[in-house]
Amino acid sequence: MRTTLIVGNWKMNKTASEAASFVRELLSTLPMSPTVEVVLAPPFTALESVRTALGPSSRMGLGAQNLHWEQQGAFTGEISGPMLRNLGCTYVIVGHSERRTLFGERDADIHKKVRAALANQLRPILCVGESLGEREAGRTEAIVIGQVTAGLADLTSQDLAIVTIAYEPVWAIGTGRAATTEQAVAVHQAIRSCIATGWNKKTAEGLRILYGGSVTPQNAESLLTESDIDGALVGGACLKTESFATITLAAQKKRIR
Ligand code: PGA
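Quick summary incoming for the structure in this document. (Residues numbered from 1 in each chain as written. Predicted model: local features only at pLDDT ≥ 70, side-chain atom pairs only at ≥ 80, totals over all residues. Heavy atoms only, no water.)

### Quick notes on the overall build of the chain
Step number 1: Along the chain, the regular secondary structure elements total 12 helices and 8 strands.
Step number 2: Against the 2.2 N^0.38 benchmark of 18 Å for 257 residues, the chain shows a C-alpha radius of gyration of 17 Å, consistent with a compact globule.
Step number 3: Expressed along its principal axes, the backbone C-alpha trace of the chain runs to roughly 45 × 45 × 35 Å.
Step number 4: The 257 residues of the chain split such that 51% are buried.
Step number 5: Sequence-distant contacts in the chain: of pairs separated by 6 or more residues, those separated by 24 or more amount to 73%. (Helix = DSSP H or I, 4+ residues; strand = E, 2+ residues; numbered from the N terminus. Rg over C-alpha atoms; globule rule 2.2 N^0.38 Å. Buried < 20%, exposed > 50% of the residue type's maximum accessible area, 1.4 Å probe, protein only. Contact = heavy atoms within 4.5 Å.)

### Digging into the site of the ligand
Step number 1: Lys11, His96, Glu168, Gly174 and Ser214 are the nearest of the 13 residues found near the ligand.
Step number 2: In the environment of the ligand, an oxygen atom lies 2.7 Å from a nitrogen or oxygen atom belonging to the backbone of Ser214.
Step number 3: Coverage of the ligand by the protein amounts to 95% of the 290 Å² it exposes when considered alone.
Step number 4: Tallied by class, residues from the shell around the ligand come to 4 nonpolar, 7 polar and 2 charged. (Near = heavy atom within 4 Å. Polar contact = N/O pair within 3.5 Å; in protein donor to acceptor, adjacent residues only side chain to side chain. Areas by Shrake-Rupley, 256 points an atom, 1.4 Å probe, with all protein chains shown as cover. Nonpolar A, V, L, I, M, F, W, Y, C, P; charged D, E, K, R; others polar.)

### Thoughts on the sheet that holds strand β1 (residues 4-9)
Step number 1: With parallel pairing, the 8 strands of this closed barrel are ordered in space as β1-β2-β3-β4-β5-β6-β7-β8. Between one strand axis and the next, the sheet turns by 25 degrees as a mean value, whatever way the strands run.
Step number 2: With 2 bridges joining them, strand β3 (residues 60-64) and strand β4 (residues 91-94) adopt parallel strand pairing. Across the sheet, residue Ala64 finds its bridge partner in β4, namely Val92.
Step number 3: Each of β5 (123-128) and β6 (164-167) is contacted by helix α7 (residues 140-151), which is oriented at about 155 degrees to β5, the strand it contacts most. (Pairing = 2+ DSSP bridges. Axes fitted to C-alpha atoms, helices over the stretch in contact; angles between N-to-C directions.)

### Regarding α7
Step number 1: Its 12 residues place the ends of α7 16 Å apart at the C-alpha level, agreeing with the 16 Å of an ideal helix rising 1.5 Å per residue.
Step number 2: Listing the buried residues of α7 in full gives Thr140, Ile143, Val144, Ile145, Gln147, Val148 and Gly151.
Step number 3: Structurally, α7 contributes buried residues whose contacts are with α4 (97-102), α5 (107-119), β5, α6 (132-136), β6 and α9 (181-198). (Expected span 1.5 Å × (residues − 1).)

### With respect to the state of the cysteines
Step number 1: This model, assessed by the stated rule, comprises 0 disulfides.
Step number 2: With no disulfide of its own, Cys89 lies closest to Cys238 among cysteine sulfurs, the gap being 15 Å.
Step number 3: The buried category is assigned to Cys89, whose relative accessible area is 0%.
Step number 4: In this model Cys127 remains outside any disulfide bridge; the closest cysteine sulfur is found in Cys238, 13 Å from its own. (Disulfide = S-S within 2.5 Å.)

### Some remarks on the packing of aromatic side chains
Step number 1: Inspection of the entire model under this criterion finds 2 aromatic pairs.
Step number 2: Geometrically, the ring pair formed by Trp10 and Phe22 is edge-to-face, given 5.2 Å between the ring centres and 80 degrees between the ring planes. Of the two residues, Trp10 sits in the loop between β1 and α1 (16-29) while Phe22 sits in helix α1, which places them 12 residues apart along the sequence. Pair check on accessibility: Trp10 and Phe22 agree, each one buried. (Phe/Tyr/Trp six-rings, centres within 6.5 Å; stacked < 30°, edge-to-face > 60°.)

### Digging into the nonpolar core
Step number 1: Core analysis: the largest hydrophobic core is formed by 70 residues, its most contacted members being Ile191 and Tyr211.
Step number 2: The leading source of residues in this core is α9, at 7 residues.
Step number 3: Look past the residues within four positions of Tyr211 in its chain and what remains in contact with it is Tyr167, Pro169, Ala172, Ala178, Ala179, Ala184, His188, Leu223, Ile229, Gly231, Ala232 and Leu233.
Step number 4: Core analysis: the next-biggest nonpolar cluster, separate from the first, contains 11 residues, Leu5, Ile93, Ile125 and Leu210 among them. (Core = buried A, V, L, I, M, F, W, Y, C linked by side-chain atoms within 4.5 Å.)

### Topic: the side chain of Gln65
Step number 1: Relative to the helices and strands, Gln65 resides in the loop between β3 and α3 (81-86).
Step number 2: A distance of 3.0 Å separates a polar atom in the side chain of Gln65 from the backbone oxygen of Lys11.
Step number 3: Reaching out from Gln65, the side chain makes a polar contact with the backbone oxygen of Pro42 at a distance of 3.3 Å.

Next up, the structure:
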């Protein structure tokens, strides 16, 4: 059984002190359930204050939004896996479309980041997704599968057991135009069958595949109750405690498989 995962990607929002008060509010609002795992991914500068506000026995996990593939060294402005581990991170987002398009990350860099995450006991959340032009040209599956296979190249089934994939169509991110449930399910199924072919069926069935891109309290239930959608990577709607809590609640309605 795959545990549903809801990840809040804060992007470049909230100072350390804003983050602490947000988390205190979230702790009193967020419904908790053993069937849904919740992870917060604040900016690097707020990781420590979020960790402190969550407290030692928190039911929410901590994730980072990026990492460098080297362990340490002369890489001005970068943050490494050991640094994130030391701050209590258990997850790290890798290859987000904003990293790919605004900061030039290529599949080869993203693959090194996935490997670095695994080497540091961080669970990578590998983001993949097609642009509008690629979708309109009928290339969605080819693009997404290409990103998945490049990002996961050479990984073993054991590695894949701790990887999560987030399917985030670029045209849906921050636009208010989410993929329809049918569009998301079709891509999730394509990813799962690519894993079954490249690795094996058991690995494919264990892999969590999240949907991301304009997830809101309004569309969360329709998306999240699909058996092929194992959770959500939430941007804009995770910045308000109420909407993030409503999305988490929608995830709790998922049928137990
Ligand atoms: P959005 O962002 O929910 O604001 O569309 C999702 C993401 O970029 O992960």
